[in-house]
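Descriptive structure summary
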Amino acid sequence: RKEVEQDPGPFNVPEGATVAFNCTYSNSASQSFFWYRQDCRKEPKLLMSVYSSGNEDGRFTAQLNRASQYISLLIRDSKLSDSATYLCVVNEGGGADGLTFGKGTHLIIQP
Amino acid sequence: SQTIHQWPATLVQPVGSPLSLECTVEGTSNPNLYWYRQAAGRGLQLLFYSVGIGQISSEVPQNLSASRPQDRQFILSSKKLLLSDSGFYLCAWGTAVGYGYTFGSGTRLTVV
């Protein structure tokens, strides 16, 4: 059974702080990884892909640890607009039968 | 650029009534298409996916069905809705395996 596990939170973080959360996946054969952002009552939107060597996009840094089967997302200098639910997503590859989504981590940035 | 359209945005239907949700994609050919459902406070659940016209794969047995009458059109249907069908329905498209999907804006269905 495909499983992607995340701490649901909420993470309450003051504006300007750094926050990080992890996600674990069960299938060691998983081939691609993503972080999505979902605002309240809106559709999920792709935030960034996660590459084996780690990657950065502005204030956001994603890391992949294949040996331990976890993915992390780090947000630096957090903004009020970063408040959202962050979904960890894994594609096990080999077919078109969809991505497996974690249930998300709820992040609240406080002024 | 590619766009995905999904409608209606909100729907309130009585138990036992039929359902038809439509999704269309523009700006790409032969996309993989997906229907997901997100129940209140829960994760995304894959319902159906399609890799081509007339090709439908079902992930969860239920009273819903899907059809793909045209390359860029994906329809979710039900003959008789149940209370448990309430949720946020999302259509998505993707291309090659290994890339993320793009979601439509979703339909919030409430069955009463």
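Note: the structure precedes this text.
Structure report, in brief. Small disclaimer: the values here were computed from a predicted structure and weren't measured.

Section: the overall build of chain B
- Tallying secondary structure elements over chain B gives zero helices and 11 strands in all.
- Ordered by position from the N terminus, the helices and strands of chain B form the series β-β-β-β-β-β-β-β-β-β-β.
- In terms of overall size, chain B behaves like a compact globule, its C-alpha atoms giving a radius of gyration of 13 Å where 112 residues would be expected to give roughly 13 Å.
- Across its three principal axes, chain B shows a C-alpha extent of roughly 40 × 25 × 20 Å.
- The burial tally for chain B puts 48% of its 112 residues in the buried class.
- Long-range contacts, defined here as pairs at least 24 residues apart, represent 55% of the contacts in chain B between residues at least 6 apart.

Here's the deal with the environment of Pro 18 of chain B
Residues and elements named next belong to chain B.
- As for its position among the elements, Pro 18 is in the loop between strand S2 (10-13) and strand S3 (19-26).
- The class for Pro 18 is exposed, based on a relative accessible area of 54%.
- Remark: the alpha-carbon pair of Pro 18 and Tyr 34, spanning 16 residues in sequence, is separated by 20 Å.
- Contact partners of Pro 18, with chain neighbours within four places excluded, come to Gln 13, Ser 78, Lys 79 and Leu 81.

Description of the interface of chain B and chain A
- Taken together, the contact pairs 21 residues of chain B with 19 residues of chain A.
- Of the roughly 1600 Å² buried between chain B and chain A, counting both surfaces, carbon and sulfur atoms make up 59%.
- Viewed at the interface, chain A and chain B are joined by zero salt bridges.
- Our count for the chain B to chain A interface comes out at five residue pairs in polar contact (both at pLDDT 80 or more).
- Elements with a contribution of two residues or more to the side of chain B that touches chain A: strand S4 (32-38), strand S5 (44-52) and strand S9 (87-94) of chain B.

Some words on the sheet that holds strand S7 (residues 64-70) of chain B
Residue and element names in this part refer to chain B.
- Taken in spatial order, the four strands make up an open sheet running S1-S3-S8-S7, and their pairing is antiparallel. The strands lining the two open edges of the sheet, one partner per strand, are strand S1 (3-7) and S7. Going across the sheet, the axis of each strand differs from the next one's by a mean of 15 degrees, ignoring polarity.
- Where S7 and strand S8 (residues 73-78) come together, five bridges link them in antiparallel fashion. Its bridge partner lying in S8, Leu 64 is registered against Ser 78.

Here we look at the packing of aromatic side chains
- According to the stated counting rule, one finds 13 aromatic pairs over all chains in the structure shown.
- Judged by centre distance (5.8 Å) and plane angle (70 degrees), the ring pair of Phe 101 of chain A and Phe 103 of chain B falls under edge-to-face. Residue Phe 101 of chain A is located in strand S10 (residues 100-101), and its partner Phe 103 of chain B is located in strand S10 (residues 102-103); the two belong to separate chains.
- Judged by relative accessible area, which is 8%, Phe 101 of chain A ranks as buried.
- The buried category is assigned to Phe 103 of chain B, whose relative accessible area is 5%.
- Geometrically, the ring pair formed by Tyr 34 of chain B and Tyr 36 of chain B is tilted, given 6.4 Å between the ring centres and 35 degrees between the ring planes. Each member of the pair, Tyr 34 of chain B as well as Tyr 36 of chain B, is classed as buried.
- Through a chain of ring-to-ring contacts, the aromatic side chains of Tyr 36 and Phe 101 of chain A together with Tyr 34, Tyr 36, Tyr 49, Tyr 101 and Phe 103 of chain B assemble into a single cluster.

Basis of the calculations
By convention here, each chain's residues receive numbers from 1 onward along its written sequence. Each chain takes a letter, starting from A, and each ligand takes a number, starting from 1, following the order in which they are written. Local features are withheld for residues below a pLDDT of 70 in this predicted model, meaning they are given only at 70 or higher, and side-chain atom pairs are given and counted only at 80 or more; totals for whole chains, interfaces and linings count all residues. Hydrogens and waters are ignored; side-chain quantities use all the structure's heavy atoms. Strands are runs of DSSP state E lasting at least 2 residues, helices are runs of H or I lasting at least 4, and numbering of each runs from the N terminus. Computation of the radius of gyration draws on C-alpha atoms alone. For the globule rule, the value is 2.2 Å times the number of residues to the power 0.38. The cut-offs for exposure are 20% and 50% of the maximum accessible area for each residue type, with area from a 1.4 Å probe on protein chains only; residues under the lower value are buried, those over the upper are exposed, and the others partly exposed. In this analysis, two residues are considered to be in contact whenever any of their non-hydrogen atoms come within 4.5 Å of each other. In short, buried area is how much 1.4 Å probe accessible area vanishes from two parts on joining, totalled over both. We count a salt bridge whenever a side-chain nitrogen from Lys or Arg sits within 4 Å of a carboxyl oxygen from Asp or Glu. Polar contact criterion, stated in full: a pair of N or O atoms within 3.5 Å, where within protein one must be able to donate a hydrogen and the other to accept it, and residues adjacent in sequence count only if both atoms are side-chain atoms. Each pair of strands is called paired provided DSSP finds at least two bridges between the two strands. Lines fitted to the C-alpha atoms define the axes, with helices restricted to the stretch that makes contact. Angles between their N-to-C directions range from 0 to 180 degrees. For this analysis, a ring pair means two rings from Phe, Tyr or Trp (six-membered ring only for Trp) whose centres lie within 6.5 Å, classed as stacked if their planes differ by under 30 degrees, edge-to-face if by over 60, and tilted for the remaining angles.

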